[in-house]
Amino acid sequence: MTQNSSWKRVRKAVFPVAGLGTRFLPATKVMPKEMLPLVDRPLIQHAFEEARQAGIEEFIFVTGRQKEMLEEHFDYQPELERTLEARNKQDELEKVRASEMGESQLFCTRQAKPLGLGHAIWCARKLVGNEPFAIMLPDDVVLSKTPCLKQMIEAYDETGGNLVAVMDVPREETNKYGILDVGAQNGALTEVKGLVEKPKPEEAPSTLSVIGRYILQPEVFDHLSRFEKGAGGEIQLTDAMAKLIGSQPFNGFSYEGQRYDCGSRIGFIEANIAFAMQDPEIGKTVRSIVKQQAENADL
Ligand code: G1P
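Here is what the cut-offs are and how they apply
Residues numbered from 1 in each chain as written. Predicted model: local features only at pLDDT ≥ 70, side-chain atom pairs only at ≥ 80, totals over all residues. Heavy atoms only, no water. Salt bridge = Lys/Arg side-chain N within 4 Å of Asp/Glu carboxyl O. Helix = DSSP H or I, 4+ residues; strand = E, 2+ residues; numbered from the N terminus. Buried < 20%, exposed > 50% of the residue type's maximum accessible area, 1.4 Å probe, protein only. 1 Å grid on protein atoms, 1.4 Å probe; cavity = no way out; pocket = protein on both sides within 12 Å on 5 of 7 lines; lining within 4 Å. Points joined across faces, edges and corners; volume = space filled by probe spheres on them. Nonpolar A, V, L, I, M, F, W, Y, C, P; charged D, E, K, R; others polar. Pairing = 2+ DSSP bridges. Core = buried A, V, L, I, M, F, W, Y, C linked by side-chain atoms within 4.5 Å. Contact = heavy atoms within 4.5 Å. Phe/Tyr/Trp six-rings, centres within 6.5 Å; stacked < 30°, edge-to-face > 60°. Polar contact = N/O pair within 3.5 Å; in protein donor to acceptor, adjacent residues only side chain to side chain.

**Focus: the pattern of salt bridges**
When the charged atoms of two side chains lie near each other, side chains of opposite charge can form a pair.
Here is step 1: This model, assessed by the stated rule, comprises 18 salt bridges.
Here is step 2: Across the pair Arg-11 and Glu-58 runs a salt bridge, and its minimum N-O distance is 3.8 Å. Residue Arg-11 is located in the segment before strand E1 (12–16), and its partner Glu-58 is located in strand E4 (residues 58–63); the two are separated by 47 residues in the primary sequence.
Here is step 3: Classification of Arg-11 as partly exposed rests on a relative accessible area of 24%.

Pasting the structure below:
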């Protein structure tokens, strides 16, 4: 696929990770919610690996208080590696190495106050600079053959501009998402005519909702800088994105794959089952356990 020449390549991804994770208390009393393991890797590592597989070179964490563990997780751990090497634990060593970031890859900034997702992204403006960037919400995990962000970057190579991953939701759930006002459809792409954050079901312009994967142009920061409050009294990313419509291409992208809301307990459990069933080492056993458990539950 050829790169649409007028749009720059996406090299950076922003990970807003300052949230409290109150739905997982007491597990998240001390440990950041992004460290909860989905099968064998913390949620933040799933998001990082997806971004890396999509060709992202710089990873920008917007952190907050008690989130230091997220940075440390990606550190080089020489003692641990030496021990694993000495014990000839090659598989484990590879797993540890897959969780390391090289020099000048991880950048952190802090969101001092919880003023909303838009504000969190605004906090990354200096680290992003004047180039397009991806946003990964680690709560949203997508199980797919090709990593979701990779699919998006391939589509962006054709469309340029702004791209948000979208999925259809039941109408009664529109108040949990950013919702599209939809225009023309072309394969996996849907032209975005408008965006509304968490509309009531009866007011939602469609049922096509934004999930936590975005490719945005840096002009979004101009709108975020106004600090306008939206739904729930928060500075909303959706509102700033809506202001780009008309001046730049803006498309929804229907990815191939299944998205799990790991910010909720049910979604997190569902994701653990789905990912474990796909795991090359334990998948087969997990499938028979799930089947057995379902049969037991019927008794
Ligand atoms: C955020 C965004 C929303 C988006 C959702 C996807 O909401 O504000 O537009 O649809 O993520 O998960 P949150 O889940 O943080 O309330």
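**Quick word on empty space enclosed by the protein**
Here is step 1: For the coordinates displayed, the defined rule picks out one cavity of 30 Å³ or more.
Here is step 2: What the largest cavity holds in volume is close to 70 Å³.
Here is step 3: Of all the elements in the fold, those that place two or more residues in the lining of the largest cavity are helix H8 (220–224) and helix H9 (237–242).
Here is step 4: Split into classes, the residues belonging to the lining of the largest cavity amount to four nonpolar, two polar and three charged.

**Considerations on the pairing of E1**
Here is step 1: Among the five residues that make up E1, five are buried, leaving the element largely enclosed by the rest of the structure.
Here is step 2: Where burial is concerned, the two faces of E1 agree: the one with Lys-12, Val-14 and Pro-16 and the one with Ala-13 and Phe-15 are both buried.
Here is step 3: Judged from the three bridges that link them, E1 and strand E6 (residues 133–136) form a sheet pairing that is parallel. Each bridged residue has a counterpart across the sheet, and for Val-14 the counterpart in E6 is Ile-135.

**Notes on the environment of Gln-90**
Here is step 1: Mapped onto the elements of the fold, Gln-90 is located in helix H4 (residues 90–98).
Here is step 2: Here Gln-90 falls in the partly exposed class, since its relative accessible area comes to 39%.
Here is step 3: The spatial distance from the C-alpha of Gln-90 to the C-alpha of Pro-42 is 20 Å, given a sequence separation of 48 residues.

**Remarks on the nonpolar core**
Here is step 1: Ranked by size, the top nonpolar core spans 38 residues in total, and within it Phe-15, Ile-56, Phe-61 and Leu-149 carry the most contacts.
Here is step 2: Elements that contribute at least two residues to this core include exactly E1, helix H1 (43–53), E4, E6, helix H7 (148–159), strand E8 (162–168) and strand E11 (208–216).
Here is step 3: Tallying contributions element by element places H7 first for this core, with six residues.
Here is step 4: Sequence-distant contacts of Phe-15, that is, excluding residues within four places in its chain, are made with Ile-44, Ala-47, Phe-48, Ala-51, Phe-59, Ile-60, Phe-61, Val-62 and Met-136.

**With respect to the side chain of Asn-251**
Here is step 1: With respect to the secondary-structure elements, Asn-251 resides in strand E12 (residues 250–254).
Here is step 2: With residues near it in sequence (within four places) discarded, Asn-251 still touches Thr-159, Asn-162, Leu-163, Val-164, Leu-189, Thr-190, Glu-191 and Val-192.

**So, the packing of aromatic side chains**
Here is step 1: Applying the stated criterion to the full structure yields nine aromatic pairs.
Here is step 2: With 5.3 Å between their ring centres and 65° between their planes, Phe-15 and Phe-61 make a pair best called edge-to-face. Of the two residues, Phe-15 sits in strand E1 while Phe-61 sits in strand E4, which places them 46 residues apart along the sequence. The same class applies to Phe-15 as to Phe-61, namely buried.
Here is step 3: Between Trp-122 and Phe-227, the aromatic rings sit 4.7 Å apart at their centres with planes inclined by 85°, giving edge-to-face as the arrangement. Within this pair, whereas Trp-122 is found in helix H5 (residues 117–122), its partner Phe-227 is found in the loop between H8 and H9, the two being separated by 105 residues in sequence.

**Some words on the side chain of Asn-162**
Here is step 1: Within the secondary structure layout, Asn-162 lies in strand E8.
Here is step 2: Among the residues examined, Asn-162 registers a relative accessible area of 0% and is labelled buried.
Here is step 3: For Asn-162, the side chain forms a polar contact with the side chain of Gln-248, separated by 2.9 Å.

**Focus on the layout of surface pockets**
Here is step 1: Each pocket or cavity is described by its volume, and for the largest pocket that value is around 1600 Å³.
Here is step 2: Lining the largest pocket are 50 residues, with Gly-19, Leu-20, Lys-33, Leu-117 and Asp-139 sitting closest to its centre.
Here is step 3: Contributing elements (two or more residues each) for the lining of the largest pocket: H5, E11, H9 and strand E13 (258–261).
Here is step 4: In terms of residue count, the dominant contributor to the lining of the largest pocket is E11 (four residues).
Here is step 5: Estimated volume of the second largest pocket: approximately 500 Å³.
Here is step 6: Contributing to the lining of the second largest pocket are 25 residues, with Arg-41, His-46, Glu-49, Leu-143 and Phe-275 lying nearest its centre.

**Concerning H1**
Here is step 1: When you tally the buried positions in H1, you get nine out of 11 residues, the bulk of the element.
Here is step 2: Immediately beyond the C-terminal end of H1, within one or two residues, lies Gly-55, with a positive phi of roughly 95°.

**Some details on the pairing of E8**
Here is step 1: With respect to burial, E8 is a largely interior element, six of its seven residues being buried.
Here is step 2: Bridge analysis of E8 against E12 gives five bridges, and the strand direction is parallel. Within the sheet, the bridge partner assigned to Val-164 lies in E12 and is Gly-252.
Here is step 3: Bridge analysis of E8 against E11 gives five bridges, and the strand direction is antiparallel. Bridge pairing links Val-166 to Val-210 in E11.

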